[in-house]
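Given next are the chains, with one letter for each unit.
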Amino acid sequence: MTLKTLAEVLQPAIRDHYAVPGLVCLGWEDMRAYVMAAQEERAPVILQAGPSCRAHTPLPVLGAMMRHLAASVDVPVVVHLDHGYTFDECRAALDAGFTSLMYDGSRKPLAQNIDETARIAELAHAAGISCEGEIGFVGYSGGENSAGTDPAEAAIFARDSGVDAMAISVGNVHLQTDHEGGLDEDRIRAIEALTDVALVIHGGSGVPYAQRLALATGSQIAKFNIGTELRMAFGAALHDAVNADPARFDRVSILKETHDPVMAAARAVIRGLGASGRA
């Protein structure tokens, strides 16, 4: 079994100057491709169950699938709850075998965010697993605007919440389909100067590839969440499979054709964070 906590994979990443991919899962086909990509690249990987994934598949089923995949390889695999919004949801993920809980209180006032995140961190640590929190709101492409992370508030949050990793808002945006944006490196350096906690970038798909690698190898950012570009690879492969033979209806044969393209895309993500050969 290669199941690991978030802290167990992020601390070596900080020490050895790379970042671990947090790969957003929507179902069996993509999470299997992600684990096989990690195996081929000899890299750690974080399988992430976000809100849309959990709306489609119950947490106990997701936990069982991810743990099964972790047992099938010999590289580190973290089973991670992404954007948990309530204590009960985080507790349910813990009970379902997740090894990392991300509580998102980023829309709330600082004191409330700290108090609620600290409660989740205490729950996680008592069970021997990890906790990620978020300070500063990361917005959505075409949706809610971001609220950038204040470095002084980040230092207070890191100190008082007890998190193992801290997601920050520094120009990153969820659901961005291009790489035209860029992160505010001055703000990142200001945050780094005030805390030594592992930093996390949500919305990593929108970060230019060169900046991703530069920050993965030269900053405290130890985790990049990548979802949109992998969903795009899955969608393109699915379109190709369906359109190649409109008379075909067997879902298993259709979905099989997503595996190689999604695995290749995940391998590229891993290599682009300097994580290959680290397991």
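Residues numbered from 1 in each chain as written. Predicted model: local features only at pLDDT ≥ 70, side-chain atom pairs only at ≥ 80, totals over all residues. Heavy atoms only, no water.

### Let's talk about the packing of aromatic side chains
Phase 1 of the analysis: Inspection of the entire model under this criterion finds zero aromatic pairs.
Phase 2 of the analysis: Residue placement shows arginine 119 over the ring face of phenylalanine 87; its charged tip is 3.8 Å from the ring centre. (Phe/Tyr/Trp six-rings, centres within 6.5 Å; stacked < 30°, edge-to-face > 60°. Lys NZ or Arg CZ within 6 Å of the ring centre and 35° of its normal.)

### Some remarks on the packing of helix 2 (residues 28-41) against helix 12 (residues 259-271)
The description of two packed helices rests on the angle between their axes and on the distance between the axes.
Phase 1 of the analysis: Contact geometry for helix 2 and helix 12: axes closest at 8 Å, N-to-C directions at 50°. Judged by the inter-axis angle, helix 2 sits oblique to helix 12. In terms of crossing hand, the pair formed by helix 2 and helix 12 is right-handed. Packed against helix 2, whose contacting residues are Asp30, Arg32, Ala33, Tyr34, Met36, Ala37, Ala38, Glu40 and Glu41, the element helix 12 presents His259, Val262, Met263, Ala266, Arg267, Ile270 and Arg271 at the interface. (Axes fitted to C-alpha atoms, helices over the stretch in contact; angles between N-to-C directions. Helix = DSSP H or I, 4+ residues; strand = E, 2+ residues; numbered from the N terminus. Parallel < 35°, antiparallel > 145°, perpendicular 65-115°, else oblique. Left-handed = near helix turned anticlockwise from the far one by under 90°. Contact = heavy atoms within 4.5 Å.)

### Side note on the packing of helix 8 (residues 185-192) against helix 9 (residues 209-218)
Phase 1 of the analysis: At their nearest, the axes of helix 8 and helix 9 sit 13 Å apart, and the two run at 15° to each other. Here helix 9 runs roughly parallel to helix 8, going by the angle between their axes. Along this stretch, helix 8 crosses helix 9, giving a crossing that reads as right-handed. Here Glu185, Ile188 and Arg189 of helix 8 lie close against helix 9, whose contacting residues are Gln211, Leu215 and Gly218.
Phase 2 of the analysis: When grouped by side-chain class, the residues that make up the contact of helix 8 with helix 9 number two nonpolar, two polar and two charged. (Nonpolar A, V, L, I, M, F, W, Y, C, P; charged D, E, K, R; others polar.)

### Focus: the layout of surface pockets
The probe, sized like a water molecule, is rolled over the atoms to show the empty space still left.
Phase 1 of the analysis: The calculated volume of the second largest pocket comes to roughly 230 Å³.
Phase 2 of the analysis: Along the walls of the second largest pocket sit 13 residues, with Leu26, Gly27, Glu29, Asp30 and Phe234 positioned nearest its centre.
Phase 3 of the analysis: Of all the elements in the fold, those that place two or more residues in the lining of the second largest pocket are helix 2, helix 10 (228-244) and helix 11 (251-256).
Phase 4 of the analysis: Ranked by residues supplied to the lining of the second largest pocket, first place goes to helix 2 with four residues.
Phase 5 of the analysis: Residue composition of the lining of the second largest pocket, by class: six nonpolar, three polar and four charged. (1 Å grid on protein atoms, 1.4 Å probe; cavity = no way out; pocket = protein on both sides within 12 Å on 5 of 7 lines; lining within 4 Å. Points joined across faces, edges and corners; volume = space filled by probe spheres on them.)

### A closer look at empty space enclosed by the protein
Phase 1 of the analysis: The final tally for this structure, using the stated rule, is one cavity of 30 Å³ or more.
Phase 2 of the analysis: Taken as a whole, the largest cavity holds about 40 Å³ of empty space.
Phase 3 of the analysis: If you go around the largest cavity, you meet 10 residues; those closest to its centre are Gly171, Asn172, Gly182, Gly206 and Val207.
Phase 4 of the analysis: Considering only residue class, the lining of the largest cavity consists of three nonpolar, seven polar and no charged.

### Section: the pairing of strand 9 (residues 221-226)
Phase 1 of the analysis: With six of six residues buried, strand 9 is to be regarded as a mostly interior element.
Phase 2 of the analysis: When strand 2 (residues 20-25) meets strand 9, the two strands line up parallel, connected through four bridges. Bridge pairing in strand 9 places proline 21 opposite phenylalanine 224.
Phase 3 of the analysis: Looking at chain direction, strand 8 (residues 198-201) and strand 9 are connected through three bridges and run parallel. (Buried < 20%, exposed > 50% of the residue type's maximum accessible area, 1.4 Å probe, protein only. Pairing = 2+ DSSP bridges.)

### Overview of helix 8
Every α-helix winds through 3.6 residues per turn, so residues three or four apart in the chain are directed the same way.
Phase 1 of the analysis: When helix 8 is considered as a whole, its buried residues turn out to be Ile188, Ile191 and Glu192. For helix 8, the angular spread of buried residues about the axis comes to 100°, placing them on one side.
Phase 2 of the analysis: Buried residues along helix 8 sit against helix 7 (151-161), strand 7 (165-168), strand 8, helix 9 and strand 9.
Phase 3 of the analysis: The N-cap of helix 8, judged by a side-chain oxygen 3.2 Å from the amide nitrogen of aspartate 186 a few residues on, is aspartate 184. (Arc of directions from axis to C-beta. Polar contact = N/O pair within 3.5 Å; in protein donor to acceptor, adjacent residues only side chain to side chain.)

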